[in-house]
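Coordinate inspection notes
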Amino acid sequence: MPINRATPLRVAVLASGRGSNLQAIIDAIEAERVQAQIVAVISNKKDAGALERARKHGLKDVFVDPKPFAGQSDSRETYDRALLELLQQHEVDLVLLAGYMKIVTAVLVNAYVNRMMNIHPSLLPSFPGLDVQKKAIDWGCKLAGCTVHFVTEGVDEGPIIIQAAVPILNEDTPETLAARILVQEHKIYPRAVQLFAEGRLRVEGRRVFIDSAKADAEAIISPS
Ligand code: GAR
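Now for a look at the structure at hand. Predicted model only: the values in this text are computed from it and were never measured. (Residues numbered from 1 in each chain as written. Predicted model: local features only at pLDDT ≥ 70, side-chain atom pairs only at ≥ 80, totals over all residues. Heavy atoms only, no water.)

**Describing the site of the ligand**
Filter applied, for reference: A single heavy atom is enough: if one lies within 4 Å of a molecule or strand, its residue is considered near that molecule or strand. For the purposes of these results, a polar contact is taken to be a pair of N or O atoms within 3.5 Å, where, inside protein, one atom must be able to donate a hydrogen and its partner to accept one; residues adjacent in sequence count only when each atom of the pair is a side-chain atom. Using the Shrake-Rupley algorithm and a 1.4 Å probe, accessible areas are obtained, with residue cover drawn only from the displayed protein chains. To qualify as a helix, a DSSP run of H or I must reach at least 4 residues; to qualify as a strand, a run of E must reach at least 2; elements of each kind are numbered from the N terminus. Following the grouping adopted for this structure description, the nonpolar residues are Ala, Val, Leu, Ile, Met, Phe, Trp, Tyr, Cys and Pro, the charged ones are Asp, Glu, Lys and Arg, and the polar ones are all others, Gly among them.
Taken together, Arg18, Gly19, Ser20, Asn21, Gly99, Met101, Ile119, His120, Pro121, Asp156, Leu182 and Glu185 make up the full set of residues near the ligand. Within the backbone of Gly19, an N or O atom sits 2.8 Å from an oxygen atom of the ligand. At 2.8 Å from an oxygen atom of the ligand is found a side-chain nitrogen or oxygen belonging to Glu185. Across the complex, the protein chains shield 89% of the 450 Å² of accessible surface that the ligand would expose by itself. When residues of the shell around the ligand are traced back to their parent elements, those giving at least two are α1 (20-30), β5 (116-120) and α6 (174-197). Per-class residue counts for the shell around the ligand are four nonpolar, five polar and three charged.

Here it is, written out as structure tokens:
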């Protein structure tokens with residue numbers, strides 16, 4: 001993992017939606033809280049808000065249309081091969097999935113082992129998949145939250161880097177809970193990127209260790 005780099009870490013962000021997590025990372029880079037540069041923002045959705053945000057900040061935005069790949073037996077892999085080519089062209093060190101609603105295949109996962117992160121709005125391994133804020137409320141959980149983890153082939157299964165916990169209140173709806181979780185997402189994703197940029201993340205099996213005396217405080221955010 002990169003330590004004392006001469007040039008800032010080269011990051012690509014894959015996003016399908018509004019891109020608020022992308023924005024949090026852009027803001028953290030612009031405020032010099034994260035030592036990295038975003039070399040490409042890539043989407044499978046032409047009208048993704050994330051692409052618009054990239055353009056506003058003068059970042060390279062790329063729409064990779066899944067349609068031409070549809071119908072092929074290995075359409076997901078061939079799509080990912082096109083993405084991989086793009087990532088390699090841009091000499092990407094770290095790939096960030098930020099609301100990227102397409103399952104990544106081994107083609108990408110194997111090329112970026114422990115160099116691809118995802119953010120998910122639950123305390124994994126509880127509630128992988130979709131509609132997770134509603135699932136946490138319906139289950140009767142008292143705590144929800146979000147997780148940044150490295151990406152492996154299993155969906156939402158990779159080694160956990162940082163988690164933030166958010167209490168579930170009696171009056172919560174999936175929307176109000178999602179909004180409070182999102183506030184925490186915007187804190188922990190830039191933080192995880194900076195830890196990576198500093199070369200402080202060490203993966204041993206399923207566990208990710210943060211090198212430093214205050215490591216535990218950096219990996220967990222508890223409700224205040
Ligand atoms: C975020 O809440 C993110 O955690 C979630 O999608 C939202 C994207 O918001 N991702 C997943 O559910 C992936 N399993 P954004 O486009 O504003 O960053």
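**Observations regarding the pairing of strand β1 (residues 9-14)**
Sheet faces and side chains relate simply in a regular strand, where the side chains alternate between the two faces. As a reminder, the rule being used: Each residue is placed in one exposure class: buried if its accessible area under a 1.4 Å probe, protein chains only, is under 20% of its type's maximum, exposed if it is over 50%, and partly exposed if it falls in between. Only when DSSP finds a minimum of two bridges between them are two strands counted as paired. For crossovers, right-handed means that the path from the first strand over the helix to the second runs clockwise, given strands pointing away from the viewer.
For β1, the tally of buried residues reaches five of six residues, placing the bulk of the element in the interior. The pairing of β1 with strand β2 (residues 36-43) spans six bridges and is parallel. Bridging across to β2, Leu14 finds its partner in Ile42. Read from β1 through α1 to β2, the crossover connection turns out right-handed. Bridge analysis of β1 against strand β4 (residues 94-97) gives four bridges, and the strand direction is parallel. Bridge pairing in β4 links Leu14 to Leu97.

**Let's talk about the nonpolar core**
Heads up, the condition is: Put simply, buried Ala, Val, Leu, Ile, Met, Phe, Trp, Tyr and Cys residues joined by side-chain atoms within 4.5 Å make one nonpolar core.
With 51 residues, the main nonpolar core has Ile38, Val41, Leu96, Met117, Ile161 and Leu201 as its most contacted residues. In terms of residue count, the dominant contributor to this core is α6 (nine residues).

**Observations regarding helix α5 (residues 132-139)**
In plain terms, the rule: The arc in question is the one traced by the directions running from the helix axis out to the C-beta atoms. Residue contacts are counted whenever heavy atoms from the two residues lie within 4.5 Å of one another.
If you check which residues of α5 are buried, you get Val132, Gln133 and Ala136. Looking straight down α5, one finds that the buried residues subtend no more than 105° of arc, so they occupy a single side. Contact partners of the buried residues in α5: β5, β6 (143-150) and α6. Once α5 ends, the next one or two residues include Gly140, with phi positive near 90°.

**Observations concerning the packing of α5 against α6**
This is how it is decided: The convention used is that axes are lines fitted to C-alpha atoms, helices contributing only their stretch in contact, and that angles between N-to-C directions extend from 0 to 180 degrees. Here the angle decides the label: under 35 degrees means roughly parallel, over 145 means roughly antiparallel, 65 to 115 means roughly perpendicular, and every other value means oblique. By the definition used in this description, the sense in which the near helix is turned from the far one sets the handedness, with an anticlockwise turn below a right angle giving left-handed and a clockwise turn giving right-handed.
Relative orientation of the contacting elements α5 and α6 amounts to 115°, with a least axis distance of 9 Å. In terms of orientation, α5 lies roughly perpendicular with respect to α6. In terms of crossing hand, the pair formed by α5 and α6 is right-handed. Packed against α5, whose contacting residues are Gln133, Lys134 and Ile137, the element α6 presents Pro174, Leu177, Ala178 and Ile181 at the interface. Residue classes in the contact of α5 with α6 are distributed as five nonpolar, one polar and one charged.

This is a description of form; function is not addressed.
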